[in-house]
Amino acid sequence: GGIITQTPKFLIGQEGQKLTLKCQQNFNHDTMYWYRQDSGKGLRLIYYSITENDLQKGDLSEGYDASREKKSSFSLTVTSAQKNEMAVFLCASSIDGVGQNTLYFGAGTRLSVL
Amino acid sequence: GDSVTQTEGQVALSEEDFLTIHCNYSASGYPALFWYVQYPGEGPQFLFRASRDKEKGSSRGFEATYDKGTTSFHLRKASVQESDSAVYYCALGDSNYQLIWGSGTKLIIKP
């Protein structure tokens, strides 16, 4: 089996700050994802990457940058944290897309902005 | 665009009760449908999928049947346990790389 490791587990930032979240997977999966989870809402896709050095925007990409420099890692940057923002950011991976494949998730990074 | 609707935000049951969590979708063709479960402090975990009309998916005592006629994929379990307390998400495969997620249903099991 494999595991997805997200760091940090908790992130407290200041309004306007640039914040970076990291994700590592050892499944050797091609595709990786960043989702945002807000209380009472479903998961919303921020960015995904089909393979190393590829980046695709999801519906929620505004205000975020992403980077996939290695097959095993995928980072997400909040370009300017919004005051009172609270959300969980989930990283996931799959062998090749989600149509016929399982998504595996990390435990999440919990963001609070003061 | 495609969408997934979970009507119950929260369901509270006692142990050994029968569970139904409703999931309806809107999409053309035969999209793949999924159920994921999320325990506190963890990311969602895959339960099962179905991709053809009348196909049944099942895992850990949970099951759902793909129904094209009613555009539904309702989650059921005959006898819930306290350990089933979690948030359950229905999702639809919008393309090979994107899932459309329902808003989630929190299941609370009273001991």
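Residues numbered from 1 in each chain as written. Chains lettered and ligands numbered in written order. Predicted model: local features only at pLDDT ≥ 70, side-chain atom pairs only at ≥ 80, totals over all residues. Heavy atoms only, no water.

### What to know about the state of the cysteines
All names here are of chain B. The final tally for this structure, using the stated rule, is 2 disulfides over all chains. Residue pairing for C23: its cysteine sulfur links by disulfide to C90, the two sulfurs lying 1.9 Å apart. In this structure the cystine formed by C23 and C90 twists about its S-S bond by roughly -65 degrees; its chirality is therefore left-handed. Within this pair, whereas C23 is found in the loop between β3 (19-21) and β4 (24-26), its partner C90 is found in strand β10 (residues 86-93), the two being separated by 67 residues in sequence. (Disulfide = S-S within 2.5 Å. Helix = DSSP H or I, 4+ residues; strand = E, 2+ residues; numbered from the N terminus.)

### Some details on the pattern of salt bridges
All names here are of chain A. Under the definition given, this model contains 9 salt bridges over all chains. When the shortest N-O distance is used, the salt bridge between D30 and K71 registers 3.4 Å. Within this pair, whereas D30 is found in the loop between β3 (19-25) and β4 (31-37), its partner K71 is found in the loop between β7 (64-70) and β8 (73-78), the two being separated by 41 residues in sequence. On the basis of relative accessibility, which here comes to 27%, the residue K71 falls in the partly exposed class. One salt bridge connects D38 with R44, and the closest N-O pair in it is separated by 2.7 Å. Given a relative accessible area of 12%, D38 falls into the buried group. For R44, a relative accessible area of 30% corresponds to the partly exposed category. Taken together, the shared-partner salt bridges in this structure form one network comprising R36, D38, R44 and E85. (Salt bridge = Lys/Arg side-chain N within 4 Å of Asp/Glu carboxyl O. Buried < 20%, exposed > 50% of the residue type's maximum accessible area, 1.4 Å probe, protein only.)

### Quick word on the side chain of D38(A)
Residue and element names in this part refer to chain A. Along the chain, D38 turns up in the loop between β4 and β5 (43-49). Here R36 takes part through its side chain, which lies 2.8 Å from a polar atom of the side chain of D38. A distance of 2.7 Å separates polar atoms of two side chains, one belonging to D38 and the other to R44. In this structure D38 touches R44, M86 and A87, once residues within four positions along its chain are discounted. (Polar contact = N/O pair within 3.5 Å; in protein donor to acceptor, adjacent residues only side chain to side chain. Contact = heavy atoms within 4.5 Å.)

### Focus on the sheet that holds β3(B)
All names here are of chain B. Taken in spatial order, the 4 strands line up as β3-β9-β8-β7 in an open sheet, and their pairing is antiparallel. Two strands lie at the open edges of the sheet, namely β3 and β7 (56-59), each paired on one side alone. Neighbouring strand axes in the sheet, compared pairwise and without regard to direction, differ in orientation by 20 degrees on average. (Pairing = 2+ DSSP bridges. Axes fitted to C-alpha atoms, helices over the stretch in contact; angles between N-to-C directions.)

### So, the pairing of strand β11 (residues 109-113) of chain A
Residue and element names in this part refer to chain A. Only one face of β11 is buried, namely the one carrying T109, L111 and V113, since none of R110 and S112 on the opposite face is buried. Examined bridge by bridge, strand β2 (residues 10-13) and β11 share 4 bridges and lie parallel to one another. In the sheet register, I12 faces β11, and the bridge partner there is S112. Here strand β9 (residues 86-94) runs beside β11; their pairing, made up of 4 bridges, is antiparallel. Opposite A87, over in β11, you have L111 as the bridge partner.

### Quick word on the environment of R44(A)
Residues and elements named next belong to chain A. Tracing the sequence through the fold places R44 in strand β5. Distance in space between the C-alpha atoms of R44 and M86 is 14 Å, their sequence separation being 42 residues. Residues within four places of R44 in sequence aside, it is in contact with W34, Y35, R36, D38 and L60.

### A closer look at the interface of chain B and chain A
Bring the parts together and some accessible area is lost; that lost area is often taken as the interface size. Taken together, the contact between chain B and chain A spans 19 residues of the former and 24 residues of the latter. Across the chain B to chain A interface the summed buried area is about 1800 Å²; carbon plus sulfur atoms make up 52%. When the buried surface of chain B facing chain A is broken down by residue, Y97(B), Q98(B) and W101(B) rank first, second and third, together holding 34% of it. At the junction of chain B with chain A, the criterion picks out 0 salt bridges. (Buried area = accessible area lost by both parts, 1.4 Å probe.)

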